[in-house]
Amino acid sequence: MIRFAGVTVTYPDAAAPTLRDVDLHVPEGELCVVLGRTGAGKSTLLGAVNGLVPHFTGGTLAGHVTVDGRDTRTHPPRELADVVGVVGQDPLAGFVTDTLEEELAYGMEQLGLPPDLMRKRVEETLDLLGLADVRGRALADLSGGQQQRAAIGAVLTTHPRVLVLDEPTSALDPTAAEEVLAAITRLVHDLGVTVLVAEHRLERVLQYADRVVHLPGDGTVTSGPPALMMARGVLAPPVVQLGRLAGWDPLPLSVRDARRMAGPLRERLPVPPVVAAPSGAEALRAERLVVRYGDVVAVREVDLRLRGGQVCGLMGRNGAGKSSLLWALQGAGRRSSGTVDVGGRDPAAVGSAAARRLVGLVPQTAADLLYLETVAAELAQADLESHRPAGTADGLLARLLPGVDRGAHPRDLSEGQRLALVLAIQLAAAPGVLLLDEPTRGLDYAAKARLTTILRSLAAEGTAVAVSTHDVEFVASTCDRVVVMAEGEVVADGPTADVVLASPTFAPQVAKVLSPRPWLTVADVADALDLPRPA
Amino acid sequence: MSLLPRALHPMAWWVWALGMATAVSRTTNPLLIAVLVAVVGYVVVVRRGDAPWARAFSAYLVLGLVVVLVRVVFNALLGAGVDGHVLFTLPQAGLPGWAKGIHLGGPVLAEEVLAAAYDGLRLAALLCCVGAANALANPKRALRSLPPALYEVGVAVVVALTIAPQLVDSVLRVRRARRLRGASAKGLRALRSIAIPVLEDALSRSLMLAAAMDSRGYGRAGEVPRGLRRATAALVLGGLLGLCLGLYGLLDATAPRVLGLGALAVGIALCAGGLVLGGRRIERTTYRPDPWRRPEWLVAGTGVVCALVMVAASSYDPLLLHPSLYPLRWPDLPLLPLAVVLLGLLPAVAAPLPVRARAAAPVGRVEVAA
Amino acid sequence: MSSSRGGHAADVRVLRVRPRAALALGLASVGGVLAFCWPLLVDPGAVLESTSAPLVFALLLPVMLGVVLAEMSDGGMDTKALAMLGVLSAIGAALRPLGAGTAGVETVFFLIVLGGRVFGPGFGFVLGATTLFSSALLTGGVGPWLPFQMLGAAWVGLGAGLLPRVRGRMELAVLAAYAAVSSLLFGALLNLSFWPFALGSSNQLSFDAAQSTMENLHAFFLFTLATSLGWDVGRAITTVVLVLLAGPAVLASLRRASRRAAFEAPVEFPSAARPSA
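Residues numbered from 1 in each chain as written. Chains lettered and ligands numbered in written order. Predicted model: local features only at pLDDT ≥ 70, side-chain atom pairs only at ≥ 80, totals over all residues. Heavy atoms only, no water.

(A) Representation of the overall build of chain A. The helix and strand inventory of chain A stands at 22 helices and 19 strands. In terms of C-alpha radius of gyration, chain A reaches 24 Å, essentially the compact-globule figure of 24 Å for 535 residues. Here the C-alpha coordinates of chain A stretch approximately 70 × 55 × 50 Å along the principal axes. Among the 535 residues that make up chain A, the fraction classed as buried is 59%. Across chain A, every contact between residues at least 6 apart in sequence was considered, and the portion connecting residues at least 24 apart equals 67%. Summed over all atoms, the accessible surface of chain A reaches about 19,100 Å², with 51% contributed by carbon and sulfur. (Helix = DSSP H or I, 4+ residues; strand = E, 2+ residues; numbered from the N terminus. Rg over C-alpha atoms; globule rule 2.2 N^0.38 Å. Buried < 20%, exposed > 50% of the residue type's maximum accessible area, 1.4 Å probe, protein only. Contact = heavy atoms within 4.5 Å. Areas by Shrake-Rupley, 256 points an atom, 1.4 Å probe, with all protein chains shown as cover.)

(B) Local environment of the pattern of salt bridges. Counting across every chain of the model gives 41 salt bridges over all chains. Residues Glu-101 of chain A and Arg-135 of chain A are paired through a salt bridge, measuring 3.4 Å at the closest nitrogen-oxygen approach. Taken together, the residues Glu-101 of chain A in helix α4 (residues 100–111) and Arg-135 of chain A in the loop between α5 (115–128) and α6 (144–156) connect sequence positions 34 residues apart. Members of the salt-bridge network, linked through shared partners, are Glu-101, Arg-119, Glu-123 and Arg-135 of chain A together with Arg-288 of chain B. (Salt bridge = Lys/Arg side-chain N within 4 Å of Asp/Glu carboxyl O.)

(C) Geometry of the sheet that holds strand β12 (residues 296–307) of chain A. All names here are of chain A. Judged by pairing direction, the sheet is antiparallel, and its three strands sit side by side in the order β12-β11-β14 without closing on themselves. Strands at the two margins of the open sheet, each flanked by one partner only, are β12 and β14 (337–341). Taken pair by pair, the neighbouring strands of this sheet meet at an average axis angle of 10 degrees, ignoring direction. Judged from the four bridges that link them, strand β11 (residues 282–293) and β14 form a sheet pairing that is antiparallel. Looking at the pairing, Arg-285 lines up with Asp-341 of β14. (Pairing = 2+ DSSP bridges. Axes fitted to C-alpha atoms, helices over the stretch in contact; angles between N-to-C directions.)

(D) Looking closely at the interface of chain B and chain A. Contact with chain B, which involves 56 residues of that partner, is made by 73 residues of chain A. Put simply, chain B and chain A have nine salt bridges between them. It is helix α7 (residues 188–215) of chain B that contributes the most residues to the side of chain B that touches chain A, 17 residues altogether. Taken together, the residues of the side of chain B that touches chain A break down into 24 nonpolar, eleven polar and 21 charged. (Nonpolar A, V, L, I, M, F, W, Y, C, P; charged D, E, K, R; others polar.)

(E) How the structure looks around the sheet that holds strand β18 (residues 481–486) of chain A. Residue and element names in this part refer to chain A. Spatial ordering of the open sheet is given by β15-β16-β17-β13-β18-β19, a layout of six strands whose pairing is mixed. The outermost strands of the open sheet, each flanked by one partner alone, are β15 (359–362) and β19 (489–495). On average, adjacent strands in this sheet sit at an angle of 15 degrees to one another, irrespective of strand direction. In this sheet, strand β16 (residues 433–437) lies alongside β15 in parallel orientation, the contact comprising four bridges. Each bridged residue has a counterpart across the sheet, and for Gly-360 the counterpart in β16 is Leu-434. Helix-sheet contacts for helix α13 (residues 322–330) involve β13 (311–315), β15, β16, β17 (464–468) and β18, and the interaxial angle to β16 is about 150 degrees.

(F) Looking closely at the side chain of Gln-148 of chain A. Residue and element names in this part refer to chain A. With respect to the helices and strands, the residue Gln-148 is situated in helix α6. Using a relative accessible area of 3% as the deciding quantity, one classes Gln-148 as buried. Only 2.9 Å separates the side chain of Gln-148 from the backbone oxygen of Pro-168, close enough to count as a polar contact. Contact partners of Gln-148, with chain neighbours within four places excluded, come to Val-87, Gly-88, Gln-89, Pro-91, Glu-167, Pro-168, Leu-172 and Val-180. (Polar contact = N/O pair within 3.5 Å; in protein donor to acceptor, adjacent residues only side chain to side chain.)

(G) The arrangement of the environment of Gly-303 of chain B in detail. Residue and element names in this part refer to chain B. Residue placement: Gly-303 occurs in helix α10 (residues 294–316). For the pair Gly-303 and Leu-109, spaced 194 residues apart in the sequence, the C-alpha separation amounts to 37 Å. In this structure Gly-303 touches Val-15, Trp-16, Gly-19 and Met-20, once residues within four positions along its chain are discounted.

(H) Structural detail: the interface of chain B and chain C. The interface of chain B with chain C comprises 74 residues on the first partner and 84 residues on the second. Summed over both partners, the interface of chain B with chain C comes to about 6,900 Å²; 75% of that surface belongs to carbon and sulfur atoms. Taken together, chain B and chain C are joined by one salt bridge. The salt bridge involving Arg-256 of chain C is made with Glu-200 of chain B; its shortest N-O contact spans 3.2 Å. Across the contact surface, chain B and chain C share four residue pairs in polar contact (both at pLDDT 80 or more). Of all the elements in the fold, those that place two or more residues in the side of chain B that touches chain C are α1 (10–25), α3 (56–78), α4 (110–136), α5 (139–143), α6 (151–178), α7, α8 (226–251) and α9 (257–278) of chain B. Classifying every residue of the side of chain B that touches chain C gives 53 nonpolar, nine polar and twelve charged. (Buried area = accessible area lost by both parts, 1.4 Å probe.)

(I) Main features of a nonpolar patch on the surface. All names here are of chain C. Taken together, the side chains of Leu-184, Phe-221, Leu-225, Leu-229, Val-233, Ile-237, Val-241, Leu-244 and Leu-245 make up a nonpolar region of the molecular surface, amounting to roughly 710 Å² of accessible area. Mapped onto the nonpolar patch, the elements with two or more residues apiece are α8 (213–226) and α9 (229–261). The element contributing the most residues to the nonpolar patch is α9, with six residues. (Patch = residues over 30% accessible without salt bridge, like charges linked within 9 Å, V, L, I, M, F, W, Y side chains within 5 Å.)

(J) Representation of the nonpolar core in the model. Counting residues in hydrophobic clusters, the biggest one holds 172 residues, and the most contacted among them are Trp-13, Trp-16, Val-40 and Leu-240 of chain B together with Leu-88, Phe-119 and Phe-125 of chain C. Sort the elements by how many residues they give to this core and α6 of chain B lands first, with twelve residues. Contact partners of Phe-119 of chain C, with chain neighbours within four places excluded, come to Val-12, Arg-13, Val-14, Leu-15, Met-84, Leu-88, Leu-254, Ser-258 and Phe-263 of chain C. Tyr-293, Ala-298, Leu-458 and Val-467 of chain A belong to the second-largest nonpolar core, a separate cluster that totals 81 residues. (Core = buried A, V, L, I, M, F, W, Y, C linked by side-chain atoms within 4.5 Å.)

(K) Summary view of unusual backbone geometry. Residues and elements named next belong to chain A. Omega for the peptide link from Asp-249 to Pro-250 comes to 0 degrees, which places this bond in the cis form. Positionally, Pro-250 belongs in the loop between α10 (238–246) and α11 (255–261). The omega torsion across Ser-515 and Pro-516 is 10 degrees, close enough to zero to call that bond cis. With respect to the helices and strands, the residue Pro-516 is situated in the loop between α21 (509–514) and α22 (522–528). Even without a glycine there, the phi angle at Asp-68 is positive, about 50 degrees. Looking at where Asp-68 falls in the secondary structure, it is placed in the loop between β4 (59–67) and β5 (70–71).

(L) Quick peek at the pairing of strand β8 (residues 194–198) of chain A. Residues and elements named next belong to chain A. Within β8, five of the five residues are buried, which leaves the element mostly enclosed by the surrounding structure. Here β8 shows no split at all, with Thr-194, Leu-196 and Ala-198 on one side and Val-195 and Val-197 on the other all buried. Sheet analysis places strand β3 (residues 31–36) next to β8, joined by four bridges and oriented parallel. Its bridge partner being in β8, Val-33 is matched across the sheet by Val-197.

(M) View of the packing of aromatic side chains. Residue and element names in this part refer to chain B. Counted under the stated rule, the structure contains eight aromatic pairs over all chains. Relative to Trp-16, the ring of Trp-13 has its centre 5.7 Å away and its plane inclined at 75 degrees; by these criteria the two rings are edge-to-face. With a gap of three residues between them, Trp-13 and Trp-16 both fall in helix α1, about one helical turn apart. Ring centres of Trp-292 and Trp-297 lie 5.7 Å apart, and the angle between their planes is 80 degrees; on these two criteria the pair is classed as edge-to-face. (Phe/Tyr/Trp six-rings, centres within 6.5 Å; stacked < 30°, edge-to-face > 60°.)

(N) Molecular detail of the confidence of the model for chain B. Residues and elements named next belong to chain B. Taken residue by residue, chain B gives an average pLDDT of 80. The fraction at 70 or more is 89%. Mean pLDDT across the elements of chain B ranges from a minimum in helix α11 (residues 318–321), with 72, to a maximum in helix α2 (residues 30–47), with 91. In this model, residues 359–370 is a region of pLDDT below 50 whose contacts with residues beyond four sequence positions or in other chains number 22 contacts. With pTM at 0.86, the complex prediction returns an ipTM value of 0.86. (pLDDT = per-residue confidence, 0-100.)

Spelled out as structure tokens, the structure:
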């Protein structure tokens, strides 16, 4: 269905080609997962499928990309719209109209389909993706999962044979991600759609894959069946890493496969040592905290304590009140009632310049804090506003992530680099409490591992860290303690193992495989078995 | 049989409102004008939806009042003041020579004040008609009635209408995020620290949007034959030329009346032809197009009839519609024009009720609302 | 990229104005000038007079504007340009209410000037029209004045795209001067077209077709002085201040966006099936 023959892509200003001599064939009806680190060329590969590369982006494409027999040389993206549906990373940014129904119809209007056919297909698609009850809503008012399904629906109405998805679940909580993935697999199974999906969080998609395409980063591409590719030692989710560690053959790709092989390992493993959560001095105490917007109560009488030396994970559905809580703790967001006490001071009462020396917050859209033209200028500004000697923030950035170009425009950095920059800016004020709102969004495995190291070492230096995230694997490897929120209330609070093991939604893969033994990460298992930790 | 609630075709509302505006432009009778404003206001109140633009009407009412006041004050201050009933006398002030010997103040005449008020009222009523159309017609649906040749421009406007509210959210978000950096930036930097992230956000969004539109088949223009292109060009350029000549003819007293009007008519026809031909390249369909049925005919027809009758009446007996100021006299309420204006009430029953959004609280967006 | 180093008056010409569109634009502009300046041009006894002229122009101007916009987008508009147009119009439309109500603070011109400067005269023209149109739709401000405002703003954007090629401080000075002149002219033209309508015909500042152009001009000047000059000067000052203060940063952002959008980047498909690896 999709065929790359000797494809080399070079962008106008680039010194080296982004894709080099790529041969790839994806047969009809397969779900194909594209792996690779940030910057390895995933977006270019996906963009080349419907001709956005190079028709839209500019650049040189040698070789041939053909989809359903149509060559992208002669067919620009709009001429492939009836064959390939493309869903971008941020669904809201790709919406042309503002209500769900009109958005679903948009593509068909462009193709000039007759109105009665459009009407029928809109209804079908609403049912197929479970969106019928929100049909008349404004797109901006839908939840994240609904928006993502709406974006998929909007390209499905033209009945494309190929669906290309760029990180469809990166912004979603585990449940919403499951809904989206269920919808995608249904398309593959019931309609025979060929799906090409790029995803950093392999643990979510690998089990559904028929084929894995790997971009190692040098412009080449390898592909094969998932089991084979995993055995070759490319990026792998925890369940595969566990399988490699235990030497299982064939390698398990899903929790179910792994559990069936895990009996002997479970027996072999000792009872994990009970690690007491590091308990430093109390750094922040919030009592009966309420945040309400009109009639909506976002945070409902929450009591929370954060201790120095501890990394606390904040989990819960989208809209559970995590962001509102973090913002209220920092003092910059709304607080309707309740108290926050950081070393005897209330961050909301001392003014924002002093507040950031008490509590630092890295917001969800970290780029909102950046307004200067170079990384160096941002760092210098951070020194100024924190009243620190020049070079403080620069040193912090060098420590957090070496090798960030100081002359680059902050908006041109990768997600991981931008996060490190904002973190350095916020840390320049040396706050005793650091809050991060969804920092793992869009990070690849390496960047996430790096973030884990950074947060652990900050905690080791005595900082109290709280991080909201949907990424259960990240929580398992990073947090000492987990707080789960639902409808604005804290519904669970305790050591990571206790909280995540109790919930099927929040349990990491290793825990699911080794349950009832309370192991959370591959690294812990490796340590217990005296084996080297996976890279 | 009662009509099912639905949105009336926006163009029907515009035709009705412009018809009423044309009707009111032919009279300075304050009683008639007052009745017309009441009629238009009543229709707005009973047939507007709950969308934001439906609240526009009151702003137009205020604007209309301002217009009347400005006219009256100007005329009181600067009236020529020849002869008539003196209401009161303002202190006079001469102006320097460069001001063309204009004198401020002096006796304020009832006739002049009334004339200004009547004229102002007429303009205010015109504004009310326009305001009624703004309040009743859904602007996004109205955009669909643009000729196909203007499709691209229409899409740009649709995109703008979609993104503008998101920008407001974006500004609120960034403004809140500023505090995380201590909000230390003052003055220019403060402006910059809000404007630049919002702008950058919007610009990168535009690129993503463009990619999405391209992938979804936007701009699948059919090939336009050379002949058709030439014909379009000829029509459009000829039409514009005609319009210019026609306008010139209408402004120049020596040009024959027929020439001006004729050139204008030909120009409009050619331009319209050019727009139709130019739209041929767009092969698109519309999802759930707005129907044009009996209610639309009735509403639009009402406007057209009102306009025609008033225009005819004004040329048949101008005095009927313009109350006498010399001698000063209480204006009559002529029967035929009154009946015509009251006919404008028809849409209050002929148009279906608008669909109102169910009172459901929107999900999401809450966290930004701070 | 070579286009960002200058060489054009504007950086890129996102919407190319082909000769045919340019001709249409010229003709429509003549019509536009007639529509704006008719009180100065009309003969006594001409068909058009105080009450009918504004209505006639309010009907004709949309037709002319529509034809020109259709001509400019004929042959399809680049999606990237169109999305940029939509986004910038949205920003302009969202900025506009910020100034409304405060005497003369008009925030929308600044963006039209900078947009025209960076993306070229054709883009500037369409941007001016779509910004005012979107803003009117958002605020319920559609009326007979709208075509006049759209055409005026479109000229402002067009002119900004045609400014001479300079960079750095000189560029800012040129833009600021242009912003001042264009906002004043915009105000004066709009004022002129509605002057007879706004004031009636019975007082000393009124338009009188029987008088000479010079006399009418004089009366109009006095009328402007008495009514809207403060407003127009306010608009010019805000625009200039915005251009000077926020100009460099906004220009940089727009240029970056223009570079990233790769409007003029070459798209190539080398014919060799396989490059020699």
